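Listed below are the residues making up each chain.
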Amino acid sequence: MKIKLDENIGNRGKLLFAEAGHEVATIVEENLQAASDLTLIGVCQQEQRCLVTLDLDFSNPLRFDPSQYAGIAVLRLPNRTSHQDLLNAIATLIAAFQREEIYGKLWIVRQGRIRVYQPND
């Protein structure tokens, strides 16, 4: 799967996705840190990449209709978060990628569980 990691995921996250066999690009590598959300999701759409982010703005399906994209995965971490919480959420997402297709869907990912938003046909 082709993935675009938001700037807040980090190198360890990139390594975990790559080790799982995914093609990973990052916002930082492409100098898109200051880009607007619309620009960022547009780049993901053009490249047919699933966006993986901590930015809760992308969890609004009315603003970012998941059916228009290769997938949006928003990682939700506890209020008092640790680096391990991030790694656990990433592990949950990687495991889910092996079981299910994210294309056209919005996934809200927490450690050990995923809520899937898919618009009704």
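Residues numbered from 1 in each chain as written. Predicted model: local features only at pLDDT ≥ 70, side-chain atom pairs only at ≥ 80, totals over all residues. Heavy atoms only, no water.

1. Side note on the environment of alanine 95
Stage number 1. Assignment of secondary structure puts alanine 95 in helix α3 (residues 83–99).
Stage number 2. In this structure, the C-alpha to C-alpha distance between alanine 95 and glycine 112, residues 17 residues apart in sequence, is 9.5 Å. (Helix = DSSP H or I, 4+ residues; strand = E, 2+ residues; numbered from the N terminus.)

2. Re the nonpolar core
Stage number 1. In this structure, Phe17, Val52, Leu75, Ile90, Leu93 and Phe97 are the most contacted members of the largest nonpolar core, which totals 21 residues.
Stage number 2. Residue assignment for this core shows that the elements contributing at least two residues are β1 (2–5), α1 (10–19), β3 (50–53), β4 (72–75), α3 and β5 (106–110).
Stage number 3. Broken down by element, this core gets its largest block of residues, eight residues, from α3.
Stage number 4. Setting aside chain neighbours within four positions, we find leucine 93 in contact with Phe17, Val52, Ala73, Leu75, Trp107, Val109 and Ile114. (Core = buried A, V, L, I, M, F, W, Y, C linked by side-chain atoms within 4.5 Å. Buried < 20%, exposed > 50% of the residue type's maximum accessible area, 1.4 Å probe, protein only. Contact = heavy atoms within 4.5 Å.)

3. A word on the side chain of lysine 105
Stage number 1. Inspection of the secondary structure assignment puts lysine 105 in the loop between α3 and β5.
Stage number 2. Residue class for lysine 105 comes out buried when judged on its relative accessible area of 12%.
Stage number 3. Of note is the side chain of lysine 105, whose polar atom sits 3.2 Å from the side chain of glutamate 100. (Polar contact = N/O pair within 3.5 Å; in protein donor to acceptor, adjacent residues only side chain to side chain.)

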